[in-house]
Amino acid sequence: MKPIIRFMSVDDIPKIVAEDRRILGQTLGEKTLRTELADNPFTEYYVLEDKVTKAFYGHVSVWIDTPLAQIINIYIVPEQQRAGLGTFLIEFVLTLLKSRGCNTLTLEVRPTNAAAIAFYQKFGFTKMTVRKQYYEDGEDADLMLLNF
Ligand SMILES: CC(C)(COP(=O)(O)OP(=O)(O)OC[C@H]1O[C@@H](n2cnc3c(N)ncnc32)[C@H](O)[C@@H]1OP(=O)(O)O)[C@@H](O)C(=O)NCCC(=O)NCCS
């Protein structure tokens, strides 16, 4: 396995929409993603894939408004979880954000998503507050914060 991270392109949108739905249960959708890639100077979308086989391993998207940043989405395909790829992605994000002069990173996570919460805590994120009925299905979100 040779994982690499590259910018997401318009050609990746159908795959990202499908994997968003499969892994997160929701997606920004094709139209919004197209607009995001074309017109939003504050957001960046990345794909994690195998350099040789091009197998899709995961995705991360961030909103950057220095010194603040937010993770929009982050995931690793279920077949490759717990093998260090999430760590590879989040370390990439932190290096990227430091290079842009950011020092504060936030994200929302479902309080029932114990794996993701353990993952974020490992990198120093702490729960700041609860966002009531944040998700489409009505579940609350924990707002987590990392200062770096
Ligand atoms: C959260 C997620 C990105 C982590 O990616 P990953 O590649 O599995 O993570 P890593 O292998 O790099 O794990 C790093 C650490 O996170 C923690 N962790 C990861 N998965 C865990 C799990 N299922 N249970 C408990 N801790 C977990 C552990 O501390 C782990 O270190 P260890 O393996 O040395 O114990 C991945 O589980 C995922 O995509 N989940 C589904 C989508 C999702 O929930 N995204 C976040 C939405 S807010």
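Residues numbered from 1 in each chain as written. Predicted model: local features only at pLDDT ≥ 70, side-chain atom pairs only at ≥ 80, totals over all residues. Heavy atoms only, no water.

Here we look at the site of the ligand
Piece 1. Not every one of the 21 residues close to the ligand is listed here, only the nearest: I76, R82, G86, T87 and N113.
Piece 2. With respect to the ligand, the backbone of I74 contributes an N or O atom lying 2.9 Å from a nitrogen atom.
Piece 3. A distance of 2.7 Å is found between an oxygen atom of the ligand and a backbone nitrogen or oxygen belonging to G86.
Piece 4. About the coverage of the ligand: the protein hides 74% of its 910 Å² of free accessible area.
Piece 5. At a threshold of 2 Å from the grid points, most atoms of the ligand map onto the largest pocket.
Piece 6. For the shell around the ligand, the secondary structure elements donating two or more residues are helix 1 (13-24), strand 4 (68-76), helix 3 (85-99), strand 5 (104-109) and helix 4 (114-122).
Piece 7. At six residues, the largest contribution of residues to the shell around the ligand is made by helix 4. (Near = heavy atom within 4 Å. Polar contact = N/O pair within 3.5 Å; in protein donor to acceptor, adjacent residues only side chain to side chain. Areas by Shrake-Rupley, 256 points an atom, 1.4 Å probe, with all protein chains shown as cover. 1 Å grid on protein atoms, 1.4 Å probe; cavity = no way out; pocket = protein on both sides within 12 Å on 5 of 7 lines; lining within 4 Å. Sits in = over half its atoms within 2 Å of the grid points. Helix = DSSP H or I, 4+ residues; strand = E, 2+ residues; numbered from the N terminus.)

Digging into the packing of helix 1 against helix 2 (residues 30-39)
Piece 1. The geometry of helix 1 relative to helix 2 is characterised by a closest axis approach of 10 Å and an angle of 125° between their N-to-C directions. If you check the angle between helix 1 and helix 2, you find them oblique. Once helix 1 is placed against helix 2, the crossing between them reads as right-handed. Side by side, helix 1 and helix 2 meet where I13, P14, I16, V17 and D20 of the first sit next to E30, L33, R34 and L37 of the second.
Piece 2. A per-class count over the contact of helix 1 with helix 2 returns six nonpolar, no polar and three charged. (Axes fitted to C-alpha atoms, helices over the stretch in contact; angles between N-to-C directions. Parallel < 35°, antiparallel > 145°, perpendicular 65-115°, else oblique. Left-handed = near helix turned anticlockwise from the far one by under 90°. Contact = heavy atoms within 4.5 Å. Nonpolar A, V, L, I, M, F, W, Y, C, P; charged D, E, K, R; others polar.)

A few points about the layout of surface pockets
Piece 1. The calculated volume of the largest pocket comes to roughly 1,200 Å³.
Piece 2. What lines the largest pocket is a set of 35 residues, and nearest its centre among them are I74, Y75, N113, A116 and Y120.
Piece 3. No other element matches the seven residues that strand 4 contributes to the lining of the largest pocket.
Piece 4. Its residues assigned to classes, the lining of the largest pocket comprises 20 nonpolar, 10 polar and five charged. (Points joined across faces, edges and corners; volume = space filled by probe spheres on them.)

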